[in-house]
Every structure is written in structure tokens, then in C-alpha cells.
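One letter stands for each residue in the lines below.
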Amino acid sequence: MLTNEQAELKARLLELDTAAVSDAMDSLGCNRALAGIAPRVDGVKMAGPVYTVQYEPFDSPPTSFQGAGNYIDDVPAGYVLLINNHGNTLCTNWGDILTRKALMQGIAGTVINGSARDIALVRSLEYPLFTKGVYMVSGKNRVRVTAVDVPVIIGDVQVEPGDWLFGDDNGVLVLPAHQIAEILARAEQVLATEADIVRAIEGGSKLDTARKSLGYATPWNPPNGR
Amino acid sequence: MLTNEQAELKARLLELDTAAVSDAMDSLGCNRALAGIAPRVDGVKMAGPVYTVQYEPFDSPPTSFQGAGNYIDDVPAGYVLLINNHGNTLCTNWGDILTRKALMQGIAGTVINGSARDIALVRSLEYPLFTKGVYMVSGKNRVRVTAVDVPVIIGDVQVEPGDWLFGDDNGVLVLPAHQIAEILARAEQVLATEADIVRAIEGGSKLDTARKSLGYATPWNPPNGR
Amino acid sequence: MLTNEQAELKARLLELDTAAVSDAMDSLGCNRALAGIAPRVDGVKMAGPVYTVQYEPFDSPPTSFQGAGNYIDDVPAGYVLLINNHGNTLCTNWGDILTRKALMQGIAGTVINGSARDIALVRSLEYPLFTKGVYMVSGKNRVRVTAVDVPVIIGDVQVEPGDWLFGDDNGVLVLPAHQIAEILARAEQVLATEADIVRAIEGGSKLDTARKSLGYATPWNPPNGR
């Protein structure tokens, strides 16, 4: 379960979007986004500390189905699952039963460097799911969990236990644990600066003028001291 | 038109989903899924014996439009069209007129190793369409039908006349003709086992425990003799 | 702002679809479609003369955010923006503020050889947006505008100022300036011929017969002199 401090971070993140948070991370030189991993449900937002699950292919396939998702019993409420199947989209690491169990446990969402199935059910339950692919062939007797709650590498991004994941219709960001407070503070300023610019252009200003007067070049540090 | 036996197989398949059927095929060592071919209409399910159409590029482009889809007059009601354009997404093999004609003839759906156009109309008519791509450039004077109702190869999957295609939001499976009865029987058991597991976890069971007691390792052969 | 003549061309185009226009272009041997660029909003249609924007990567990244979208103040109402970021999907050239400003200026839509962000907002405003990718990382301090209203190359298609862009659920076509009148006239005939064929098959005709009698081979020049 999330601590009070974590619950407050989460509430603040869910008021933002990945665009503002990515800009804040840019201003700190720490941008880490998961390229190629797309939302499978429209209009959902997801935030929480990461719980990682590492998969590897079987050396020799087993003769009966393996319960490759049983780790889920140990995932704390409020966490976001990050499943690394090394970008293999030809077998799935998520489906019907795991979605239902995740919702019952209060898991905040699932991000897969690989594929998921039972997409129609996931959509009807509005469970936040982000994946590289969609398929129906099970990973059960093709890959197995080799570690949980460990550092994993997705593309060229290293994700550590303690980091947070934040996702919306644009995709998924990885927030480094020690920079979350500063990222949030800056992202809230970015959003406020952008709202000022929208108001200015809706009042008839040129975009160029609005951006200059309202501090677009450093939106995390607006000129009016807001 | 489908025989009574085929109509019954179809009705049973439409009660299932590709996840359960894929697991049943795994248990028989005969999984054949069409990687990279995605549903273009959400929430549709499609099942039926295959009618294959093989396209090849023209050696030299014709000077007038060719009626590259006229094979459709010969497709029996209840069949699923499988069009092989060798994964070429830069010209289309399906559109407005073929969709309307297919619906009038009672064709069950269309799967294309290539692209389709007039997607908005296909969606409004809820016609089951699965393709690799979406584009608008016609195949009319770029490719031509060289054979129908013959074996075709899609990626690394060989499809024979007599095989069945089964598709839903997860993608498309190819069911070998001689194994359909056994696949269906096993898939129905898989679905029942999964429903048992969902009931158990909704009653508070851990996933690990539910799977062990309810026969997840061999879901097509549940321990309670259901 | 569009001239009266342009406004009339636009109204006629919006009665058509990219399939019919693509066929008309085929009949003239001038097909130019933007492969790999997909609609990000379902059910929208877009037409207008092109306004091109060329981006290039920074040699050395700037230390503050650059107003990379300020060109928008100069885009005339009724034009379609074509942004060339060389197919780079790992940073975005479009988002929230530009969408709002484009709508206020009466810009007809945006096509990006690259990525956009703030997709949820774009959808809620039903702004016609066509892109190669979706992401959240800003292009602000990664790429910069080097030229506007110049010829650009998208894939293997050269687009010139004066050309028109036309997009719908199937994708985006580039209409060469000097052929627009002839393309439109032929596309209207194509659509009428296809409507005749649909009526014939709905009346019970075989597709083969309907196509032969109704001039499918040269739909821009129907036999009945319509």
C-alpha cells in the first residue's frame, strides 16, 4: 500500500499529463520515456511506484502450463507493474485473469515490453494497460519469471525499484526516485505557464508574443513569480 | 453455405475467444497465429472455413483498371476470406464495394496479409476485417489474383483449404481442419477452468492457490472432472 | 485565407474520399500518398493547400526551451500544415497549444512526418491530425525550424508549395497543384461509377457483371456518358 506521502505524490501526478512532466524532466536533463510502448485503453491515466517483473525464455519448453503470473499476489496496492519480456510481441504476459486480480488488489496499472491478450475485457474494465503489442498466444510455456522487484532495462532506459511510472494517452515516463519532488514542482509550473499562454492566445495574442512575455523558454520558472 | 455440422462448430467458436483457443492449440502442439495482422473494427468476432485468394504483382502494369476482386461472386456464405498480398501494405485489396458485397453474400469476414481502404465504412457496417495495414492506393492495376481456394503462406504459417480462421480483438488464429473438434473441446475446458479461477480469486483466493487447486497446468483436463 | 476558387475546390474534395481521389490520380499516373502517416482522430476529413515546415536537429542542444512552433502565426486560414521532422518519432512537433491556436486561426489540419503529443485533447477537439507516431517528449530543445513554405520530401514524395493535402480515415494524399481540377473531375466520376456498381449489386447483380456493364475499367470515363 502507498504511504501517505506516496498517495499525495500520486494525486498530484494525476492532475498533470506526460507532456508537462516530460518538459519538467527535460529541464532537469533526466528525460526517460518508454519508446514503442502504447496505451491499449483510451483516456486512462496511471501513476505509482514501479514493481518490476523480469521474464526469460525457457531453455526447453515445459510439458504443462506454468503459472507465469503468480508473482501478482505479492504486488502492493497502488504500484504499477512493469513486465520486461525483452520486446517480444509474439507471446503474451498479461490477460483476463491478471487484469481482474490486479483490479481486486488495487494495482494501479501494467506496462509491458511485450504483448497482452484479452484486450476487449481490459477495455471494458478501463484498466490502465500499456504494451508494445497485442496478440493471443500465451507466454505460459514459452517464457518464465526469473526475478521480481529488480532493475530492468527497457530499450535504452534503466528502471530501478523506487522509480515511478506515469502514463497517459501519449505513452509512459519513468520518474527517477530521487528527483520526483523536483519534477512535480516543475511540471506544475510548466502546466500553469502553458495555461497562461492558452489564455493569452485565446485573448488574441500571437503565439510568439505570448511565449516571450509568459516565460515559455523556462516554463518551470515563470517570470511573474507565480 | 455452411453444413449443419459447420454451423454448429461456428456457433461454439463464437462462444469462445482466441486466448482460450490458442491455449487449447498449445496443448496440442499446433499453434498457428497470424502475427502482425490486426483487427480494424473493435469488438467483432469472426469464425468460418477459409476461402483463400492469392495475389501477385503485375509484370507490367495494365492500362485500364482490372476487376481484381471479382472472385468474390464465388465465395460461399459463411466462409472467411484470406487474401494474401505478401504483406505489401502499399496497395489495397479490399474496400467499400467488396465489403457491401461480402455482407450481402453472408461472408463471415476478411483477413488480409496487406492493406484495406474505406475503413470508415467498414467500421460503420461492423464488418469483421483484419489487416496488416490501412491505405488508400488501390491494388487494381498493381496486383492481380493468380489463384483462389489454394494453400497460401502467411508469414511462417501455411493455410490449407478446409482450415478455419477465428478472429477477435486479439488477432487471428488458423485452426487445422483435422483438429478442430479436439481444439474446440479443449478450449471449452480452458474457458471453464479460467472461469473457476476467476470465481476463486473473486472469493479471496490467492492466484497461486487457485491455479494449483483448479488445474491451471492442464486446463483442458480439469481435476474435478467437469 | 482561401480564395473563392480554393474554397470551392475544398468543398468538392470534402464530398469525396481518398479512395476515389487516389483512383483518379492513378488514372492520370500521378499517385502520391504519404505511407506510414496515420489519422490520430477517427472520422475526420481534411483538405486544403499545403503550408510546409521543415525541421532539423540542433547541432548542440540549447539551454532554454525554444519556441519551435511560432511559425504558426503566419499560416493562412484554410491551409493544411505539413511538418517534416524526417520521420523521427522520438520527439514531438505538435501538441496542446498549437492545436488550440490552429483551430483559432482556421487552419484545416496538420500532417507530421514525426510525432505529436496531447492526443487526448486533439481528439476531444476533433482537430484533423495525421502523424507517424505518438509520444510525449518535446521537440523544443531537440529540433528547430529551418524553413517554411518550401518544397519538402516525405518518404519518396516531394511536396511543393501550391500542392494540396487531402486526408481521411485511410491516410493522406498529395495533390499536385496543376492537376487538381482534372483529379477532382475524375474522382467525382469514380465515385458516381462506384455508386452505380453498389446499386447494381444491391439489386442482385454479380460483381463481375456490374463492373463490366458500368465501366469499372475506366471509372473516370463511364460508358453511359453520365
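Residues numbered from 1 in each chain as written. Chains lettered and ligands numbered in written order. Predicted model: local features only at pLDDT ≥ 70, side-chain atom pairs only at ≥ 80, totals over all residues.

1. As for the packing of helix 3 (residues 96-105) of chain B against helix 5 (residues 180-202) of chain C
Then comes step 1: Here helix 3 of chain B crosses helix 5 of chain C at 5°, and the two axes come no closer than 10 Å. On the basis of their axis angle, the class for helix 3 of chain B and helix 5 of chain C is roughly parallel. Mapping the contact onto sequence places B:Asp96, B:Ile97, B:Arg100, B:Lys101 and B:Met104 in helix 3 of chain B and C:Glu194, C:Ile197, C:Val198 and C:Ile201 in helix 5 of chain C.
Then comes step 2: By residue class, the composition of the contact of helix 3 of chain B with helix 5 of chain C is 5 nonpolar, no polar and 4 charged. (Axes fitted to C-alpha atoms, helices over the stretch in contact; angles between N-to-C directions. Helix = DSSP H or I, 4+ residues; strand = E, 2+ residues; numbered from the N terminus. Parallel < 35°, antiparallel > 145°, perpendicular 65-115°, else oblique. Contact = placed C-beta atoms within 7 Å. Nonpolar A, V, L, I, M, F, W, Y, C, P; charged D, E, K, R; others polar.)

2. Focus: the nonpolar core
Then comes step 1: A:Val80, A:Leu81, A:Val111, B:Val80, B:Val111, C:Val80 and C:Val111 are the most contacted members of the largest nonpolar core, which totals 199 residues.
Then comes step 2: A domain-level breakdown of this core finds at least three residues from each of domain 1 (33-175) and domain 2 (182-214) of chain B.
Then comes step 3: When neighbours within four sequence positions are excluded, B:Val80 is seen to be in contact with B:Met46, B:Gly48, B:Val50, B:Tyr51, B:Ala108, B:Gly109, B:Val111 and B:Leu165. (Core = buried A, V, L, I, M, F, W, Y, C linked by C-beta atoms within 7 Å. Buried ≥ 20, exposed ≤ 12 C-beta atoms within 10 Å, placed from the backbone. Domains from an automatic or database assignment.)

3. A closer look at the pairing of strand 2 (residues 46-57) of chain C
Residues and elements named next belong to chain C.
Then comes step 1: Strand 2 sits mainly inside the fold: 9 of its 12 residues count as buried.
Then comes step 2: Sheet topology note: the strand 2/strand 9 (residues 164-168) ladder contains 4 bridges and is antiparallel. Counterpart to Pro 49 in the pairing with strand 9 is Trp 164.
Then comes step 3: Examined bridge by bridge, strand 2 and strand 3 (residues 80-92) share 5 bridges and lie parallel to one another. Among the inter-strand pairings, Val 53 is bridged to a residue of strand 3, identified as Ile 83.
Then comes step 4: Where strand 2 lies against strand 6 (residues 143-148), 5 bridges are found, and the strand directions are antiparallel. (Pairing = 2+ DSSP bridges.)

4. Some words on the interface of chain B and chain A
Then comes step 1: Listed by partner, the interface residues are 26 residues for chain B and 24 residues for chain A.
Then comes step 2: Those elements giving two or more residues to the side of chain B that touches chain A turn out to be helix 2 (18-27), strand 10 (171-175), helix 5 (180-202) and helix 6 (207-214) of chain B.
Then comes step 3: Of the residues contributing to the side of chain B that touches chain A, the split by class is 11 nonpolar, 7 polar and 8 charged.

5. Topic: the relation of the copies chain B and chain A
Then comes step 1: Mapping chain B onto chain A calls for a rotation angle of 120° and an axial translation of 0.0 Å; the resulting RMSD is 0.0 Å. When the rotation and shift are considered jointly, the pair of chain copies conforms to a three-fold rotation axis. When C-alpha distances to the rotation axis are compared across chain B, the minimum falls at B:Asp42, with a value of 7.4 Å. (Least-squares fit on C-alpha atoms with pLDDT ≥ 70 in both.)

6. Side note on unusual backbone geometry
All names here are of chain C.
Then comes step 1: Of note, the phi angle at Glu 126 is positive, near 50°, even though the residue is not glycine.
Then comes step 2: Of note, Glu 126 is situated in the loop between helix 4 (119-124) and strand 5 (129-134).
Then comes step 3: The exposure class of Glu 126 is exposed, given the 12 C-beta atoms found within 10 Å.
Then comes step 4: The phi angle at Asp 149 is positive, at roughly 60°, despite the residue not being glycine.
Then comes step 5: Within the element layout of this structure, Asp 149 appears in the loop between strand 6 and strand 7 (152-154).
Then comes step 6: Here Asp 149 falls in the partly exposed class, since 16 other C-beta atoms lie within 10 Å of it.

7. Digging into the interface of chain A and chain C
Then comes step 1: Contacts between the two partners involve 26 residues from chain A and, on the opposite side, 24 residues from chain C.
Then comes step 2: For the side of chain A that touches chain C, the secondary-structure elements that each account for two or more residues are helix 2 (18-27), strand 10 (171-175), helix 5 (180-202) and helix 6 (207-214) of chain A.
Then comes step 3: Here the side of chain A that touches chain C is composed, by residue class, of 11 nonpolar, 7 polar and 8 charged.

8. Considerations on the environment of B:Arg32
Residues and elements named next belong to chain B.
Then comes step 1: For Arg 32, the location among the structural elements is in the loop between helix 2 and strand 1 (38-39).
Then comes step 2: By C-beta crowding, Arg 32 is classed as partly exposed, having 19 other C-beta atoms within 10 Å.
Then comes step 3: In this structure the C-alpha to C-alpha distance between Arg 32 and Val 157, which are 125 residues apart in sequence, comes to 6.4 Å.
Then comes step 4: Discounting chain neighbours no more than four positions away, the residues touching Arg 32 are Val 157, Leu 173 and Val 174.

9. A few points about helix 6 of chain A
Then comes step 1: What helix 6 of chain A keeps buried is the set A:Leu207, A:Ala210, A:Arg211 and A:Leu214. Angularly, the buried residues of helix 6 of chain A cover 95° about the axis, an arc narrow enough to put them on a single face.
Then comes step 2: Buried-residue contacts for helix 6 of chain A involve helix 5 of chain A together with helix 3 (96-105) of chain C.
Then comes step 3: Directly after helix 6 of chain A, the chain includes A:Gly215, whose backbone phi takes a positive value near 80°. (Arc of directions from axis to C-beta.)

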